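What follows is the residue order along each chain.
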Amino acid sequence: MRSTRGVSVWPVGLVGGLRFERPLVAGGRVVGFHTGWKPERPFPLDMAGFAVALPLLLARPEARFDPRAERGYLESSLLGALVSPAQLEPKAGNCTQVLVWHTRTEKPKLRQEEARTHTSRCEGPPRGHAGCGAPPGGHSAFIYLQGPPFLRGFPPLLPRGSPVEQLSP
């Protein structure tokens, strides 16, 4: 966050009914978002998924959270007055590392994730890897989430070298 010059972004775990939501990055630029809830929002980000540099905020005193914003659009009300989506600065390894988590003292509700399981190319062990592109030995070439112990063993975050198109929700 210290290197943020404008608005930086990163993935957030256990949010929006998914294991994670994150900006999609290609060539060091944000090109889309992996989100399960209201993807049409201008900035479909969780409040815990961005930081604003103080000089930018001070230079734009009209930029504020709109308390009358529709549910889910509070972040967009502020960010839209500061930057365009193309100006977002991806952090956390170009948004491939989940370092911020929504945590509660209850089991996470992953409704969106469960819905995606029925249509995903790979449902992981024990159901098999048919069509997912995993090597014969399994998912050893994949990047795994590093987070709370109860998430270990989930299917991978993304295959190494995956094109952005494969990551789109």
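Residues numbered from 1 in each chain as written. Predicted model: local features only at pLDDT ≥ 70, side-chain atom pairs only at ≥ 80, totals over all residues. Heavy atoms only, no water.

**Quick notes on the overall build of the protein**
Consideration 1: For the protein, the count of helices and strands is five helices and eight strands.
Consideration 2: Each helix and strand of the protein, ordered N terminal to C terminal, gives the series β-β-β-β-β-α-α-β-α-α-β-β-α.
Consideration 3: Of all 169 residues assigned to the protein, the portion counted as buried reaches 42%.
Consideration 4: Sequence-distant contacts, at least 24 apart, represent 64% of the contacts inside the protein between residues at least 6 apart.
Consideration 5: Here the protein has roughly 10000 Å² of accessible surface; of this, 54% comes from carbon and sulfur atoms. (Helix = DSSP H or I, 4+ residues; strand = E, 2+ residues; numbered from the N terminus. Buried < 20%, exposed > 50% of the residue type's maximum accessible area, 1.4 Å probe, protein only. Contact = heavy atoms within 4.5 Å. Areas by Shrake-Rupley, 256 points an atom, 1.4 Å probe, with all protein chains shown as cover.)

**Digging into empty space enclosed by the protein**
Consideration 1: Under the defined criterion, the tally for this structure stands at one cavity of 30 Å³ or more.
Consideration 2: If you add up the space inside the largest cavity, you get close to 50 Å³.
Consideration 3: Taken together, the elements giving at least two residues each to the lining of the largest cavity come down to strand E3 (18-26) and strand E4 (29-34).
Consideration 4: Top element by residues in the lining of the largest cavity is E3. It accounts for three residues.
Consideration 5: Of the residues that constitute the lining of the largest cavity, the class distribution is six nonpolar, one polar and three charged. (1 Å grid on protein atoms, 1.4 Å probe; cavity = no way out; pocket = protein on both sides within 12 Å on 5 of 7 lines; lining within 4 Å. Points joined across faces, edges and corners; volume = space filled by probe spheres on them. Nonpolar A, V, L, I, M, F, W, Y, C, P; charged D, E, K, R; others polar.)

**Quick notes on the confidence of the model for the protein**
Consideration 1: Summarising the model, the protein shows a mean pLDDT of 76, and 66% of its residues fall at 70 or more.
Consideration 2: Counted against residues more than four places away or in other chains, residues 118-156, with its pLDDT under 50, gives 57 contacts.
Consideration 3: A low-confidence stretch, residues 158-169 stays under pLDDT 50, and its non-local contacts, those more than four residues away or across chains, total 23 contacts. (pLDDT = per-residue confidence, 0-100.)

**Quick word on the sheet that holds strand E5 (residues 50-52)**
Consideration 1: Ordered in space as E5-E1-E6, the three strands form an open sheet in which the pairing is mixed. The open sheet is flanked by E5 and strand E6 (89-90), the only strands paired with a single partner.
Consideration 2: Bridge analysis of strand E1 (residues 7-9) against E5 gives three bridges, and the strand direction is antiparallel. Considered in E5, the bridge of Ser8 is made with Ala51. (Pairing = 2+ DSSP bridges.)

**Some remarks on the sheet that holds E4**
Consideration 1: Spatial ordering of the open sheet is given by E2-E3-E4, a layout of three strands whose pairing is antiparallel. Both edges of this open sheet fall to strand E2 (12-15) and E4, since each of them pairs with a single strand only. Along the sheet, successive strands turn relative to each other by an average axial angle of 30°, direction set aside.
Consideration 2: In this sheet, E3 lies alongside E2 in antiparallel orientation, the contact comprising three bridges. In the strand pairing of E3, Val12 is matched with Glu21. (Axes fitted to C-alpha atoms, helices over the stretch in contact; angles between N-to-C directions.)

**A word on the nonpolar core**
Consideration 1: In terms of nonpolar packing, the biggest core is built from 16 residues, with Val7, Val9, Leu45, Phe50, Leu82, Val83 and Leu88 touching the most fellow members.
Consideration 2: Put simply, the parts of the chain that give this core at least two residues each are E1, E4 and helix H2 (74-79).
Consideration 3: Those residues in contact with Val7 that sit more than four places away from it in its chain are Phe50, Ala51, Val52, Leu56, Leu79, Leu82, Val83, Gln87, Leu88 and Glu89. (Core = buried A, V, L, I, M, F, W, Y, C linked by side-chain atoms within 4.5 Å.)

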